[in-house]
Amino acid sequence: MQFSTLVFAALASLASAQTTSTGKMIAVTVGINGTLKFSPDNIKASVGDMVQFQFVAGNHTATQSNFDNPCQPLSMHNASATGFHSGFQPAAASKAMGMTSVYTIPINDTKPIWVYCAQGKHCEAGMVMVINENTAANSSRSLDAYKKLAAGASTVVPSGNAANSSTGGTTGTTTGAPGASATAAGMSLAAPSTVGLAAIAAVALLMI
Ligand SMILES: [Cu+2]
């Protein structure tokens, strides 16, 4: 009896440690070697993790869409969800200062998060990615299928238009050296119907 009580107590304390621990940081490189790619483009993240987009080349965005409308901001199709949007992150400008512009989002649930670049025709060219693809729940909602939809997208919405509402979200912050060209004020994430995506997004300049 005493033994099993002890085991239970140990398990309870383990569970509590896990739920209070901070998650890991998962880096996604954007535009590596001048490519139109998020690398890696299919990642798994747990609740409490952070996903950090690192803009190393070119001038790209990391913008959230839904599955069905790959090259348009989430807010266009769901008035109650803002979605995250990094704004344009010209790598050359930050590089000139020996820095890399980064944009970090928190993971608050494990639902699929679809991401595209809102620059030019990058989205149609396949500059998209997914966090927590769940083909077990819906086999048609794969990264490949999202890419195919993106290739045929008739409307690509410039990222500036993505920053419209702050409903249900919180506003991120921009930090960096004076004169930094990171123009994006972090914007809100939202999924007000759930505890979901509402979270802080932030743009920062990371010393390299
Ligand atoms: Cu791009």
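Basis of the calculations
Residues numbered from 1 in each chain as written. Predicted model: local features only at pLDDT ≥ 70, side-chain atom pairs only at ≥ 80, totals over all residues. Heavy atoms only, no water. pLDDT = per-residue confidence, 0-100. Contact = heavy atoms within 4.5 Å. Phe/Tyr/Trp six-rings, centres within 6.5 Å; stacked < 30°, edge-to-face > 60°. Helix = DSSP H or I, 4+ residues; strand = E, 2+ residues; numbered from the N terminus. Buried < 20%, exposed > 50% of the residue type's maximum accessible area, 1.4 Å probe, protein only. Arc of directions from axis to C-beta. Donors = N, O, S within 2.8 Å, 3.2 Å for Na, K, Ca; no water. Tetrahedral: all angles 85-135°; square planar, octahedral: opposite > 155°, others 65-115°. Salt bridge = Lys/Arg side-chain N within 4 Å of Asp/Glu carboxyl O.

With that out of the way, let us pick up the confidence of the model for the protein. On average, residues of the protein carry a pLDDT of 74, and 64% of them reach 70 or more. Taken as a whole, residues 1-20 scores under 50 in pLDDT and shows 0 contacts with residues more than four places along the chain or in a different chain. The model gives residues 159-202 a pLDDT under 50, and that stretch makes 118 contacts with residues more than four places away or in other chains.

Our next topic: the packing of aromatic side chains. Enumeration over the complete set of coordinates arrives at 6 aromatic pairs. Here the aromatic rings of phenylalanine 38 and phenylalanine 53 are separated by 6.1 Å at their centres, their planes lie at 70°, and the arrangement is edge-to-face. Here phenylalanine 38 is found in strand β2 (residues 38-39), whereas its partner phenylalanine 53 is found in strand β4 (residues 50-55), with 15 residues between them in sequence. Relative accessible area serves as the criterion here: at 4%, phenylalanine 38 is assigned to the buried category. Ring geometry for phenylalanine 67 versus tryptophan 114: centroids 5.1 Å apart, planes at 65°, classification edge-to-face. Within this pair, whereas phenylalanine 67 is found in the loop between β6 (63-65) and β7 (89-90), its partner tryptophan 114 is found in strand β9 (residues 113-116), the two being separated by 47 residues in sequence. Per residue, the accessibility class of phenylalanine 67 equals that of tryptophan 114, and both read buried.

We now examine helix α3 (residues 143-151). What α3 keeps buried is the set Leu143, Tyr146 and Ala150. Looking down the long axis of α3, one finds its buried residues gathered within 60° of arc, a one-sided arrangement. Turned more than 90 degrees away from the buried face of α3 sit Asp144 and Lys148, all of them exposed. Packed against the buried residues of α3 are β3 (42-43), β6, β9 and β10 (128-131).

Right, let's get into the coordination of the copper ion. For the copper ion, every protein donor is listed as His60 (ND1), Cys117 (SG), His122 (ND1) and Met127 (SD), and the spread of their distances is 2.0 to 2.6 Å. One way to put it: the 4 donor atoms around the copper ion meet at angles of 93 to 125°, and that makes the site tetrahedral. All donors to the copper ion come from one chain, and their sequence spacing reads H-x56-C-x4-H-x4-M. Here histidine 60, found in strand β5 (residues 59-60), pairs with histidine 122, found in the loop between β9 and β10; they are 62 residues apart in sequence, far enough to count as distant.

As a further point, take the pattern of salt bridges. Using the criterion set out here, one finds 5 salt bridges in the structure. For aspartate 41, the salt bridge identified is with lysine 147, shortest N-O distance 3.2 Å. Placement of aspartate 41 in the loop between β2 and β3 and of lysine 147 in helix α3 is noted, with a sequence separation of 106 residues between them. A residue is classified by how much of its surface remains accessible, and aspartate 41, at 24% relative accessible area, is partly exposed. Residue lysine 147 is classed as partly exposed on the basis of its relative accessible area of 28%. Linking lysine 111 and aspartate 109 is a salt bridge whose minimum nitrogen-to-oxygen distance equals 4.0 Å. With relative accessibility at 13%, the residue aspartate 109 sits in the buried group.

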